There are 2 protein chains.
Amino acid sequence: MMTLELVSKNKASDGWQKQYTHTSATLGGCNMRFAIYLPPQAISGTAVPVLYWLSGLTCTDENFMQKAAAFKTAAELGIAIVAPDTSPRGEGVPDDENGSYDFGLGAGFYLNATQAPWSTHYHMYDYVVDELPKLIEANFPVTNQRAIAGHSMGGHGALTIALKNTDRYSSVSAFSPICHPVDCPWGVKAFSHYLGDDRKTWEEYDASLLLAQAKQAIPMRVDQGEADQFLAEQLKPEALEAAAKKAGHDLILNRHEGYDHSYYFISSFIDEHLRFHAQFLKG
Amino acid sequence: MMTLELVSKNKASDGWQKQYTHTSATLGGCNMRFAIYLPPQAISGTAVPVLYWLSGLTCTDENFMQKAAAFKTAAELGIAIVAPDTSPRGEGVPDDENGSYDFGLGAGFYLNATQAPWSTHYHMYDYVVDELPKLIEANFPVTNQRAIAGHSMGGHGALTIALKNTDRYSSVSAFSPICHPVDCPWGVKAFSHYLGDDRKTWEEYDASLLLAQAKQAIPMRVDQGEADQFLAEQLKPEALEAAAKKAGHDLILNRHEGYDHSYYFISSFIDEHLRFHAQFLKG
């Protein structure tokens, strides 16, 4: 049941980047792929903490590993990185009937769907919070020290998951996150399909609404490019900023002139994110 | 005639990665795309030296820019990076009739073809040595200080171009280069089509044969993964090593346990290559 199948492996920065598949009970029995970067410390037998990386719309487990330029600093700091896919996958998994990029396959939004036909497989929230860490911690030389980060839809995932599980993660960071999905086109489209028309149920998956009422703080860093084409309509970091202020919690929010929504932005600042998380991850 | 059209731009590590297209006289008038990374020094008006990067089979101008993790160190050192495509492109450009990956489109081998139908467009040697640097030096804030590097087929290109033009480049480096193409399947297939049956003409494009007879040395570094699937049959660094010994020229050849032929290998050591070139590039 917890069997992992190795799909590929590549040595990188003295560690190893590997892809595995496994059958996911949480996601209705579909076959899921994830990628893991094991730094050299783990290879030589020292258990290391884990950063979970959640990718954005249309991505898979591969985008971050190929494009983020994170390995050198992860190797230096001794942090493993785990990148799950962005939705359930496989022949039996329903997709948007119009094949749009922002809903269905590749767009799981890191929530537990309650509406048919999505509710059988689309439980990415439980997968990321419970099943995947259990699998990682049972099969790799890692500790149970966890941080979480992500980009765009994955930034939304990282922030909401961290805010709802401050006991399970020591810190959270995001690039260009969807900060207030109940009030943007991507969020409204996804939530209305996955969660139905009762907007009250959407609030559980909105980082700004969760942060505004958060009793427990968690170290939180967000970086946002000012030339990001999705900034005003979809991302709304100002909502997260207002929520932090309302709740009296610290939020590091950096705005960067000229940077866009791409991995060129992520690769420019991923080292700083890794060093941010390293402050809070114990060995 | 020398008009450049901007296709895309992304800010990265305080500089800019941009793609341009232009009409190439050298390549029979086809429309070529290249990518350039301009470090922050160039953006603020200081002319910087240029590293030309030649990619491998099936690649375009994009692979290196997206996957090599080179920008942070290029920005630190103040080096621009130019990545051309790997062959002429466009509707009028002939391709291998069997559509194989190792000949025709995406596989120009950085030579000047002499045989029909290839000889109209396949002049990647002249494009890389003459037309592209002229274009770059006329349109961007760069000096005429040049280094050259590449991967696999592009490593072959970098080594042969540098050995034949020691006055134009200050140093050369390669990852997993095809070191002795007259004696490996990729080389024999490409050279027999592009250059014809007279094997004497092939010698002009074989790094090991050129190095064995080189009068003028050039600083040269090669990195090779020992888990590279193409090592024994296609790459043959031992031929390059023997040639350097025969000619009495220095060659830095590093073999790395566990590393394969992928960009995960390149991203692990690209910083060292940039620092190697920086020693020889004057501002």
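Each value, and the rule that gives it
Residues numbered from 1 in each chain as written. Chains lettered and ligands numbered in written order. Predicted model: local features only at pLDDT ≥ 70, side-chain atom pairs only at ≥ 80, totals over all residues. Heavy atoms only, no water. Contact = heavy atoms within 4.5 Å. Buried area = accessible area lost by both parts, 1.4 Å probe. Salt bridge = Lys/Arg side-chain N within 4 Å of Asp/Glu carboxyl O. Polar contact = N/O pair within 3.5 Å; in protein donor to acceptor, adjacent residues only side chain to side chain. Helix = DSSP H or I, 4+ residues; strand = E, 2+ residues; numbered from the N terminus. Least-squares fit on C-alpha atoms with pLDDT ≥ 70 in both. Disulfide = S-S within 2.5 Å. Core = buried A, V, L, I, M, F, W, Y, C linked by side-chain atoms within 4.5 Å. Buried < 20%, exposed > 50% of the residue type's maximum accessible area, 1.4 Å probe, protein only. Phe/Tyr/Trp six-rings, centres within 6.5 Å; stacked < 30°, edge-to-face > 60°. Pairing = 2+ DSSP bridges. Axes fitted to C-alpha atoms, helices over the stretch in contact; angles between N-to-C directions.

(A) The interface of chain B and chain A, seen in detail. Facing 24 residues of chain B, the contacting portion of chain A comprises 24 residues. Counting the surface lost from both chain B and chain A, the interface buries some 1,900 Å², and carbon and sulfur atoms represent 45% of this. Three residues, B:Lys11, B:Gln66 and B:Tyr264, lead the burial of chain B against chain A; their summed loss comes to 34% of the area buried on that side. Across the contact surface, chain B and chain A share two salt bridges. Salt-bridge contacts for A:Asp271 lead to B:Lys72; the nearest nitrogen and oxygen are separated by 2.9 Å. Here chain B and chain A share ten residue pairs in polar contact (both at pLDDT 80 or more) between them. Going through the elements one at a time, β1 (5-12), β2 (15-24), α2 (62-67), α3 (71-77) and α10 (263-278) of chain B are the ones with two or more residues in the side of chain B that touches chain A. Of the residues forming the side of chain B that touches chain A, the biggest block, five residues, is contributed by α10(B).

(B) Fine view of the relation of the copies chain B and chain A. Overlaying chain B on chain A yields an RMSD of 0.0 Å, the required transformation being a rotation through 180 degrees with an accompanying axial translation of 0.0 Å. With respect to symmetry, the two chain copies, as superposed, fit the operation of a two-fold axis. A symmetric contact is evident, with 100% of the interface residues of chain B recurring at the interface of chain A.

(C) Representation of the state of the cysteines. With the rule as written, the count across this model stands at zero disulfides over all chains. Of all cysteine sulfurs, the one in A:Cys59 lies closest to A:Cys30, which takes part in no disulfide; the gap is 18 Å. With no disulfide partner, B:Cys184 has as its closest neighbouring cysteine sulfur the one in B:Cys179, 9.4 Å distant.

(D) Broad picture of the nonpolar core. Counting residues in each nonpolar core, the largest one holds 70 residues, and the members touching the most others are B:Phe34, B:Phe109, B:Ile136, B:Ile148 and B:Tyr194. Among the elements that take part in this core, helix α4 (residues 124-139) of chain B stands out by supplying eight residues, more than any other. For B:Phe109, the contacting residues outside a window of four places in its chain are B:Leu57, B:Thr86, B:Asp102, B:Met153, B:His156, B:Ile178, B:Trp186, B:Ala190, B:Phe191 and B:Tyr194. Counting residues in each nonpolar core, the second largest holds 69 residues, with A:Cys30, A:Tyr52, A:Val128 and A:Ala243 among its members.

(E) Structural context of the packing of aromatic side chains. Residues and elements named next belong to chain A. Within this structure, the stated rule accounts for 44 aromatic pairs over all chains. Seen from their ring centres, Trp 53 and Phe 175 are 6.1 Å apart, and the 55 degrees between their planes marks the pair as tilted. With Trp 53 in strand β4 (residues 48-54) and Phe 175 in strand β7 (residues 172-175), this residue pair connects regions lying 122 residues apart in the sequence. Summarising the burial analysis for this pair, Trp 53 and Phe 175 share the class buried.

(F) Geometry of the sheet that holds strand β3 (residues 30-38) of chain B. Residues and elements named next belong to chain B. Spatially, nine strands are ordered β1-β2-β3-β5-β4-β6-β7-β8-β9 in an open sheet, and the strand pairing comes out mixed. Of all the strands in the sheet, the pair left with one neighbour each is β1 and β9 (252-256). Across the sheet, the mean angle from the axis of one strand to that of its neighbour is 20 degrees, orientation sign disregarded. Across the sheet, helix α5 (residues 153-164) touches β4 (48-54), β6 (142-151), β7 (172-175) and β8 (220-225), and the angle it forms with β6 is around 135 degrees.

(G) Representation of the sheet that holds strand β5 (residues 80-84) of chain A within the structure. If you walk across this open sheet you meet the nine strands as β1-β2-β3-β5-β4-β6-β7-β8-β9 (chain A), and the pairing is mixed. Single-partner strands in this sheet number two, and they are β1 (5-12) and β9 (252-256) of chain A. When strand polarity is set aside, the average angle formed by the axes of neighbouring strands in this sheet is 20 degrees. Taken together, the three bridges between β4(A) and β5(A) define a ladder with parallel strand orientation. Within the sheet, the bridge partner assigned to A:Tyr52 lies in β5(A) and is A:Val82. The strands touched by α10(B) within the sheet are β1 and β2 (15-24) of chain A, with β1(A) carrying the most contacts at an inclination of about 30 degrees.

(H) Local environment of the pattern of salt bridges. Residue and element names in this part refer to chain A. Evaluation of the coordinates by the stated rule reveals 26 salt bridges over all chains. Glu 203 is paired through a salt bridge with Lys 200; the nearest N and O atoms lie 3.2 Å apart. On the basis of relative accessibility, which here comes to 32%, the residue Glu 203 falls in the partly exposed class. Through salt bridges with shared partners, one network takes in Arg 33, Asp 61 and Glu 62.

(I) Inspection of the side chain of A:His156 at higher detail. Residue and element names in this part refer to chain A. Position of His 156 among the secondary structure elements: in helix α5 (residues 153-164). By relative accessible area, His 156 is classed as buried at 0%. From its side chain, His 156 meets the backbone oxygen of Tyr 205 in a polar contact 3.5 Å long. If we skip the residues at most four places from it in the chain, His 156 touches Phe 109, Pro 177, Ile 178, Pro 181, Phe 191 and Tyr 205.

(J) Just the environment of A:Phe175, in detail. Using a relative accessible area of 0% as the deciding quantity, one classes A:Phe175 as buried. The contacts of A:Phe175, once residues within four sequence positions are left out, are A:Trp53, A:Gly150, A:His151, A:Ser152, A:Asp223, A:Phe265, A:Ile266, A:Phe269, A:Ile270 and A:His273.

(K) A look at the pairing of strand β8 (residues 220-225) of chain A. All names here are of chain A. Within β8, six of the six residues are buried, which leaves it mostly tucked inside the rest of the structure. Across four bridges, the pairing between β7 and β8 is parallel. Within β8, the residue paired with Val 172 across the bridge is Met 220. Pairing of β8 with β9, which is carried by five bridges, proceeds in the parallel orientation. Counted as the bridge partner of Asp 223 is Asn 254 from β9.

(L) Broad picture of unusual backbone geometry. Cis rather than trans, the peptide bond between A:Ala116 and A:Pro117 has omega equal to 0 degrees. Its place among the elements puts A:Pro117 in the loop between β5 and α4 (124-139). Positive phi is not limited to glycine here, since B:Tyr110 has a value of about 55 degrees. Checked against the element boundaries, B:Tyr110 lands in the loop between β5 (80-84) and α4.

(M) Just the environment of A:Gly225, in detail. Residue and element names in this part refer to chain A. Note on placement: Gly 225 falls in strand β8. Exposure remark for Gly 225: the relative accessible area of 0% places this residue in the buried category. For Gly 225 and Gly 187, which are 38 residues apart along the polypeptide, the C-alpha to C-alpha distance reads 20 Å. In this structure, Gly 225 is in contact with Leu 231, His 256, Tyr 259 and Phe 265, ignoring residues within four places of it in sequence.

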